Amino acid sequence: MALSNNLAVIIAVLGLVIVVLAVLLFSVKGKLNALQAKYDFFTQGKEANIDVVLTDTLNELHKTQAELAALQSKHAKLQEQVQGCLQNVKLIRYDAFDAMGGEMSYSILLTDAKKDGLLLTSIYGRDESRCYAKDIKGGKSSYPLAEEEQKLL
């Protein structure tokens, strides 16, 4: 009788241990599947040594960093070049003389990012036309400007 009572307790304890082990087994299986997925991602599904994969990845990273540095250097040079390129173009048409119509006279402003460039003006009249070119430095001209030319600046 004592043996049968003890046997029932032993079976109950063993059943509890089996349930706990089953829960731990499923937990470990889930973690192992997650780890396997990460391993497959790093090895790209190939059978490979993780040391080789990490070494290849680091080599690719260093190569990519060198390429990025070269691109940044080229970008800086291009950015510097662009500052001297024509960036601002403005045009104004007007009647230079009261008796004239059709806004045949015009002024064109051409400058770079530093506001250096030139101002071209064409004055149209019935008997003659005149063209003027004025240099622009820092958004200012060393020559006197007409009202229409000042509007462009």
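Use the structure listed above.
The model shown is predicted, which means the values in this text are computed figures rather than measured ones.

On to the overall build of the protein chain. A tally of regular secondary structure across the protein chain gives 3 helices and 5 strands. In the protein chain, the order of α-helices and β-strands from amino to carboxyl end is α-α-β-β-β-β-β-α. Computed over its C-alpha atoms, the radius of gyration of the protein chain comes to 41 Å, more than 25% above the 15 Å expected for a compact globule of 153 residues. Overall, the protein chain is about 135 × 35 × 25 Å in size when its C-alpha atoms are taken along their principal axes. For the protein chain, the proportion of its 153 residues judged to be buried stands at 12%. Partitioning the intrachain contacts of the protein chain with sequence separation of at least 6 by distance along the chain shows that 32% fall at a separation of at least 24. Side chains of the protein chain give 17 positive and 18 negative charges; the mean places of these two sets differ by 5 Å.

Inspection of the entire model under this criterion finds 2 salt bridges. We note a salt bridge from glutamate 128 to arginine 130, for which the minimum N-O separation is 3.4 Å. You can call glutamate 128 partly exposed: its relative accessible area is 47%. Relative accessible area serves as the criterion here: at 43%, arginine 130 is assigned to the partly exposed category. With a closest N to O distance of 2.9 Å, lysine 134 and glutamate 149 form a salt bridge. Linking lysine 134 in strand β4 (residues 129–137) with glutamate 149 in helix α3 (residues 147–152), this pair joins segments that are 15 residues apart in sequence. An identical accessibility class is assigned to lysine 134 and glutamate 149; each is buried.

With antiparallel pairing, the 5 strands of this open sheet are ordered in space as β1-β2-β3-β4-β5. At either end of the open sheet lies a strand with only one pairing partner, and these are β1 (88–94) and β5 (140–141). Relative to strand β3 (residues 117–124), strand β2 (residues 105–111) runs antiparallel, the two sharing 6 bridges. Bridging from a neighbouring strand, leucine 110 pairs with leucine 118 of β3.

Right, let's get into the side chain of glutamate 149. Take glutamate 149: its relative accessible area is 2%, and that puts it in the buried class. In this structure the side chain of glutamate 149 is engaged in a polar contact, spanning 2.9 Å, whose partner is the side chain of lysine 134. Here alanine 146 takes part through its backbone nitrogen, which lies 2.8 Å from a polar atom of the side chain of glutamate 149. Leaving out residues up to four positions away in the same chain, glutamate 149 has contacts with Ser107, Leu119, Thr121, Lys134 and Pro144.

Conventions and cut-offs
- Residues numbered from 1 in each chain as written.
- Predicted model: local features only at pLDDT ≥ 70, side-chain atom pairs only at ≥ 80, totals over all residues.
- Heavy atoms only, no water.
- Helix = DSSP H or I, 4+ residues; strand = E, 2+ residues; numbered from the N terminus.
- Rg over C-alpha atoms; globule rule 2.2 N^0.38 Å.
- Buried < 20%, exposed > 50% of the residue type's maximum accessible area, 1.4 Å probe, protein only.
- Contact = heavy atoms within 4.5 Å.
- Lys, Arg positive; Asp, Glu negative; His and termini not counted.
- Charge placed at Lys NZ, Arg CZ, Asp CG, Glu CD.
- Salt bridge = Lys/Arg side-chain N within 4 Å of Asp/Glu carboxyl O.
- Pairing = 2+ DSSP bridges.
- Polar contact = N/O pair within 3.5 Å; in protein donor to acceptor, adjacent residues only side chain to side chain.

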